[in-house]
Amino acid sequence: MNRFWAKVEKTDTCWIWTGALNNCGYGVLRSDSVMYCAHRFSYERNVGEIPDGLEIDHLCRNRACVNPEHMEVVTHAENMRRRVPAGTCVNGHDYTLENTIQRRDGSRRCRACERAKKAEYRALKLAARFESVAACRRMVPQPRRATVRKAAAMPEAHRAD
Ligand SMILES: [Zn+2]
Ligand SMILES: [Zn+2]
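Rules used throughout
Once a new chain begins, its residue numbering starts again from 1 and follows that chain's sequence as written. As they are written, the chains are lettered A onward and the ligands numbered 1 onward, keeping that order. Given that the model is predicted, a residue must reach a pLDDT of at least 70 before its local features are reported, and side-chain atom pairs must reach 80 or more before they are shown or counted; all residues, however, enter totals for whole chains, interfaces and linings. Secondary structure elements are defined from DSSP: runs of H or I of at least 4 residues count as helices, runs of E of at least 2 residues count as strands, and each element is numbered from the N terminus. Around each residue's C-beta, the other C-beta atoms within 10 Å are counted; 20 or more make the residue buried, 12 or fewer make it exposed, and counts in between make it partly exposed. All C-beta atoms are placed from the backbone. Here, residues touch in the contact sense if the C-beta positions derived from the backbone fall within 7 Å of one another. By convention the nonpolar core is taken to be a set of buried residues drawn from Ala, Val, Leu, Ile, Met, Phe, Trp, Tyr and Cys and joined through C-beta atoms within 7 Å. A pair of strands is considered paired only if DSSP assigns at least 2 bridges between the two. Expected helix span is given by 1.5 Å per residue-to-residue step, counting one fewer step than there are residues.

Engineer: Looking at this structure, how should I read the overall build of the protein?
Structural biologist: Looking only at helices and strands, the protein has five helices and eight strands in total. Reading the protein from its N end, one meets helices and strands in the order α-β-β-β-β-α-β-β-α-β-β-α-α. Buried residues in the protein amount to 10% of all 161 residues. Partitioning the contacts of the protein with sequence separation of at least 6, the portion at a separation of at least 24 is 30%.

Structure follows, in structure tokens:
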């Protein structure tokens, strides 16, 4: 248990597991040569046994969190059901924690879509600028470089003679 606490960093809300994480982002720890999920370990030691076949749902959605107050024991079906509302945006991007912009009114926006929209807007603006520069060039006669250079080179040539 001491080894467990040595790897926990308590914040005001989440207790962050600073030890190893598995592929899914859950904390893992070894105790008596058995590998445990850190959050399950924490729940069992701080609250009580997790009944067979039941899963832990992270209410804070932070998988590295081992604060038992942020966990609820649920069935696999319930856990999946809760995950579904997360769903995807109209363009099929997953509303993962990283990809979701949560707004104060409870609605959410897809970060990938926002990024795409911004990129498109930038491209449009750039295109518009190019268009106006091109239009400008067409209207205002530009100095002909070749002529200018030849004129400047003239006295040089005379001096050489
Ligand atoms: Zn938490
Ligand atoms: Zn999207």
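Having seen it, we continue.
Engineer: Explain the environment of E72 to me, please; I cannot follow it from the model alone.
Structural biologist: Here E72 shows up in strand 6 (residues 71-74). A residue is classified by how many C-beta atoms lie within 10 Å of it, and E72, with 16 of them, is partly exposed. Along the primary structure E72 and H58 are separated by 14 residues, whereas in three dimensions their C-alpha atoms are 6.7 Å apart. Once residues lying within four places of it in the same chain are set aside, the contact partners of E72 are D57 and L59.

Engineer: Looking at this structure, how should I read the nonpolar core?
Structural biologist: A general tendency of soluble globular proteins is for nonpolar side chains to be buried together. Among the nonpolar cores identified, the biggest contains seven residues, and these are W15, W17, C37, A38, F41, C65 and V66. Within the residue set of this core, elements represented by two or more residues are strand 2 (15-17) and helix 2 (38-46). Dropping the residues within four chain positions of it, W15 is found in contact with V8, K10, C65, V66 and N67.

Engineer: Would you explain the pairing of strand 3 (residues 28-31) in this entry?
Structural biologist: Of the pairings in the sheet, the one linking strand 3 to strand 4 (residues 34-37) comprises four bridges and is antiparallel in character. Counterpart to S31 in the pairing with strand 4 is V34. Connecting strand 3 to the antiparallel partner strand 4 that follows it, the hairpin turn spans two residues, and D32 within it adopts a positive phi of roughly 50°.

Engineer: Help me understand helix 4 (residues 111-139), please; the structure alone is not making it clear to me.
Structural biologist: One turn of the α-helix equals 3.6 residues, which is why residues spaced by three or four share an orientation. With 29 residues, helix 4 should cover 42 Å at 1.5 Å per step; its first-to-last C-alpha distance of 42 Å lies within 8% of that length. In terms of burial, helix 4 is a largely surface element, zero of the 29 residues being buried.

Engineer: Quick question: what am I supposed to make of helix 2 here?
Structural biologist: Inspection of helix 2 places A38, H39, F41, S42 and Y43 among the buried residues, and these make up the whole buried set. On its buried side, helix 2 packs onto helix 1 (2-6), strand 2, strand 3, strand 4, strand 5 (55-58) and strand 6.

Engineer: Looking at this structure, how should I read unusual backbone geometry?
Structural biologist: The bulk of non-glycine residues show a negative phi, and the bulk of peptide bonds are trans. Phi is positive for S33, which is not a glycine, with a value near 55°. By secondary structure assignment, the location of S33 is in the loop between strand 3 and strand 4. Its 5 C-beta neighbours within 10 Å are what place S33 among the exposed residues. Phi angles above zero are rare outside glycine, and R61 is one such case at about 65°. As for its position among the elements, R61 is in the loop between strand 5 and strand 6.

Engineer: Where do I start with the environment of E114 in this structure?
Structural biologist: Tracing the chain through its elements places E114 in helix 4. Spatially, the C-alpha atom of E114 lies 9.9 Å from that of N99, the residues being 15 residues apart in sequence. Apart from the residues lying within four places of it in its own chain, the contact partners of E114 are I101 and R109.

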